[in-house]
Amino acid sequence: MSNIKTITAITRATDPAIASLELRQQLSDPDIAFVLFYCSSVYSLDNLAKHMTSTFTGIELVGCTTAGEITPNGYEQHSIIAIGFSAFHFAVSAQIVESMENFSLIDAQETVNKLTESCFVKKIASIKNNSFLLTLLDGLSADEEQFLVTLNSAAGGIPHFGGSAGDDIHLANTHVFYQGSFYQNAAIVLMVNTTCPFEVFSSNHIKYATSKVVVTAADADSRTVYELNAEPAALEYARLLNVKVENLSPELFALHPLAVKVGGKYYIRSIQKVNEADLSLIFYCAVDVGIVLSTVVMDDIFASLSSELTRMTSQYGEPELVLTCDCFLRRLEIEQRQLLGEAKTLQQRYNIRGFNTYGEHIDGTHLNQTFTGVFIAGVSK
């Protein structure tokens, strides 16, 4: 049995043909049977799809566009990171859902059944207790919540996490990649069956809540909040922060998020952008009339995450890979606080790889401004 479990490849080449070739050269080990990649949206996606498919003949490829990549060199942009999984330690199966909006419980059950059957025949390990689901979603679909609830109801208790594709903060077009093509308004569901111990987890850094506001006018389908406290939403949010509306930006949203309290815990509802025409706010997560939102003070961005990673290392051993969906707003906060060096040190210490997302999820719950992923230990069971 091969000792190779995963291999990480990175390319910063701007030409899709060269980029694909560079990735393939780094992932040349014959045991690699599945490749997961995350790419910047600056690439010509049609050309990238063509060259990745032809270059990785015989290897299943799944991926999505990003709001930034997390590589062996820390946070990057305008690059592609790819992770190859050894067939000796991982059975990975993928299914595409071409319409998140029309995803039914029957569709969910069929999807999970197909993934389970595909992994089962590879006889890596029993499905129960040795498998997790990873989902990559179109980050601008606004259908994540219902899709995730439906999928989770069919998951049978299998741990489930993932993230929403980005487009380098252009907020225009996000894509997922499956079997030779990039798709929009779609989702990819992967089952990873492995001989390695693992744990799916999520971490945020909310310290405490301060001021409260009530959503008094909203459109839930488009995640648009028109009014907070019966005032134009952007005006009221700016007033809470004591800033001018024209100064509202993703960088400011990252430092001053709003959160909703559910079951005694606060969960961030990140703002996507301001609609200048009516001063409404568009969110990355579900919002509706009557929801109470709170401004929150954020803690040390690394403290809770470091604690979790330390605990898992103690429990499972050194990580082979920490595969993450890390909100791009966390990266913006880290950049503004000039903490990129500390982030890189943590990412290298724990072999953290992944991408910056427009939203994260765990076990059917859609989240914002979190570090969500799976810790995969370097030892086999």
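Residues numbered from 1 in each chain as written. Predicted model: local features only at pLDDT ≥ 70, side-chain atom pairs only at ≥ 80, totals over all residues. Heavy atoms only, no water.

> Can you explain the sheet that holds strand 22 (residues 319-327)? Please cite residues and give values.
Reading across from one edge, 5-4-23-22-26-13 is the order of the 6 strands in this open sheet, with mixed pairing throughout. Of all strands in the sheet, those with a lone pairing partner are strand 5 (74-76) and strand 13 (198-203), marking the two edges. Each strand of the sheet is rotated relative to its neighbour by a mean of 20°, with strand direction disregarded. Sheet topology note: the strand 22/strand 26 (residues 371-377) ladder contains 7 bridges and is antiparallel. In the strand pairing of strand 26, Pro319 is matched with Ala377. Running over the sheet, helix 9 (residues 340-349) touches strand 4 (69-71), strand 5, strand 22 and strand 23 (352-357) and is turned about 115° from strand 5. (Pairing = 2+ DSSP bridges. Helix = DSSP H or I, 4+ residues; strand = E, 2+ residues; numbered from the N terminus. Axes fitted to C-alpha atoms, helices over the stretch in contact; angles between N-to-C directions. Contact = heavy atoms within 4.5 Å.)

> Talk me through the packing of helix 3 (residues 105-120) against helix 4 (residues 144-154); I want residue IDs and the actual numbers.
Look at helix 3 against helix 4: their axes get within 8 Å of each other, and the N-to-C directions meet at 55°. With respect to helix 4, the axis of helix 3 lies oblique. For the element pair helix 3 and helix 4, the recorded crossing hand is right-handed. In this structure, helix 3 contributes Leu105, Ala108, Gln109 and Val112 to the contact, and helix 4 contributes Thr150, Leu151, Ser153 and Ala154. Partitioning the contact of helix 3 with helix 4 into residue classes produces 5 nonpolar, 3 polar and no charged. (Parallel < 35°, antiparallel > 145°, perpendicular 65-115°, else oblique. Left-handed = near helix turned anticlockwise from the far one by under 90°. Nonpolar A, V, L, I, M, F, W, Y, C, P; charged D, E, K, R; others polar.)

> Describe the pattern of salt bridges, naming the residues involved and giving the relevant values.
Evaluated as defined, the whole model comprises 10 salt bridges. Among the ionic pairs, Glu144 bridges to Arg223, the shortest N-O distance being 2.4 Å. Of this pair, Glu144 sits in helix 4 while Arg223 sits in the loop between strand 14 (206-219) and strand 15 (224-228), and the two are 79 residues apart along the sequence. By relative accessible area, Arg223 is classed as buried at 5%. Note that Arg239 is salt-bridged to Glu236, the shortest N-O span being 2.7 Å. (Salt bridge = Lys/Arg side-chain N within 4 Å of Asp/Glu carboxyl O. Buried < 20%, exposed > 50% of the residue type's maximum accessible area, 1.4 Å probe, protein only.)

> Give me the lowdown on unusual backbone geometry, citing residues and values where you can.
In this structure, Arg223 takes a positive phi of about 60° despite not being glycine. With phi around 65°, Ala230 is a residue other than glycine that occupies positive phi space. In this fold, Ala230 is placed in the loop between strand 15 and strand 16 (231-232).

> Go over the nonpolar core with me, naming the residues and quoting the values.
Membership of the largest hydrophobic core comes to 35 residues, with the highest contact counts inside it found for Leu36, Tyr38, Val62, Leu136 and Leu323. Not counting residues up to four positions away in its chain, the partners in contact with Leu323 are Leu36, Tyr38, Ile83, Leu134, Phe161, Arg353, Thr372, Gly373 and Val374. The next biggest cluster of nonpolar side chains, apart from the first, holds 22 residues, and it includes Ala9, Ala13, Val35 and Phe182. (Core = buried A, V, L, I, M, F, W, Y, C linked by side-chain atoms within 4.5 Å.)

> How would you sum up helix 5 (residues 233-241)? Please name residues and give values.
Those residues of helix 5 that fall on the buried side of the exposure criterion are Ala233, Ala234, Glu236, Tyr237, Ala238 and Leu241. Where helix 5 ends, the next residue or the one after it, Asn242, has phi of about 60°, a positive value.

> Summarise the environment of Leu115; cite the residues concerned and give the values.
Of note, Leu115 is situated in helix 3. Sequence separation between Leu115 and Val225 is 110 residues, and the spatial gap between their C-alpha atoms is 38 Å. Among residues more than four places away in sequence, those in contact with Leu115 are Ser93, Ala94, Gln95, Leu133, Val189, Leu190 and Met191.

> I'd love a proper account of helix 7 (residues 303-316), names of residues and values included.
Because an α-helix completes one turn every 3.6 residues, residues spaced three or four positions apart along the sequence face the same direction. For helix 7, with 14 residues, the first-to-last C-alpha span of 20 Å sits near the 20 Å given by 1.5 Å per residue. Buried within helix 7 are the following residues: Leu305, Leu309, Met312 and Thr313. Down the axis of helix 7, the buried set is contained in an arc of 100°. They therefore lie on one face. The inward-facing, buried residues of helix 7 abut strand 13, strand 22, helix 8 (328-336), helix 9, strand 23 and strand 26. Of the residues flanking the end of helix 7, it is Gly317, one or two places downstream, whose phi is positive at about 100°. (Expected span 1.5 Å × (residues − 1). Arc of directions from axis to C-beta.)

> Give a description of the sheet that holds strand 25 (residues 365-367) that names residues and reports values.
Pairing is mixed across the open sheet formed by 6 strands, whose spatial order is 7-12-8-9-24-25. Of all the strands in the sheet, the pair left with one neighbour each is strand 7 (90-97) and strand 25. On average, each strand axis in the sheet is inclined to that of its neighbour by 20°, with strand direction left out of account. The pairing of strand 8 (residues 131-137) with strand 12 (residues 187-194) spans 7 bridges and is antiparallel.

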